[in-house]
Amino acid sequence: MPFIRSDGFAHVGIDARHRFLILLGNGCPICCGSQICYAHPEGYAIMQALIARGVIGDFRAPDILRFGIAPLYTRFVDVWDAVDRLAQVLASGEWRDERFAVRAAVT
């Protein structure tokens, strides 16, 4: 199964490179497993906007957007599309819509 794990590492190596996000961790795929996390002061609203666009991730208080990238069923194109949608949500300010600010018990 090492080839599956290395594919997961390759997926995690793709990031949004957006000036308003802070990549958490040291960028080492061995340390972060098959996940990538960003911090943003409005992380909750951003995650809700992404979920509305079909990108499923996790919000962790106080400001962390967490994306699990399972190499068995996540394709590179899936990651590409998620990053593209994240860039669109941030660039458009869509996350500022008040419906995304309403906090639910679970994201």
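Description of the structure in this document. (Residues numbered from 1 in each chain as written. Predicted model: local features only at pLDDT ≥ 70, side-chain atom pairs only at ≥ 80, totals over all residues. Heavy atoms only, no water.)

1. Comments concerning unusual backbone geometry
Of the consecutive residues Ala61 and Pro62, the connecting peptide bond is found in the cis state with omega at 10°. Following the sequence through the fold, Pro62 ends up in the loop between β3 (58–60) and β4 (64–68). (Helix = DSSP H or I, 4+ residues; strand = E, 2+ residues; numbered from the N terminus.)

2. Looking at the pattern of salt bridges
Side chains bearing opposite charge may pair, as long as their charged atoms lie close to each other. Applying the stated rule across the entire model yields five salt bridges. A salt bridge links Glu94 to Arg53; its shortest N-O distance comes to 2.8 Å. Here Glu94, found in the segment after α4 (76–92), pairs with Arg53, found in the loop between α3 (43–52) and β3; they are 41 residues apart in sequence, far enough to count as distant. Asp58 is the salt-bridge partner of Arg66, the closest N and O atoms lying 2.7 Å from each other. Connected through shared salt-bridge partners, Asp58, Arg60 and Arg66 make up one network. (Salt bridge = Lys/Arg side-chain N within 4 Å of Asp/Glu carboxyl O.)

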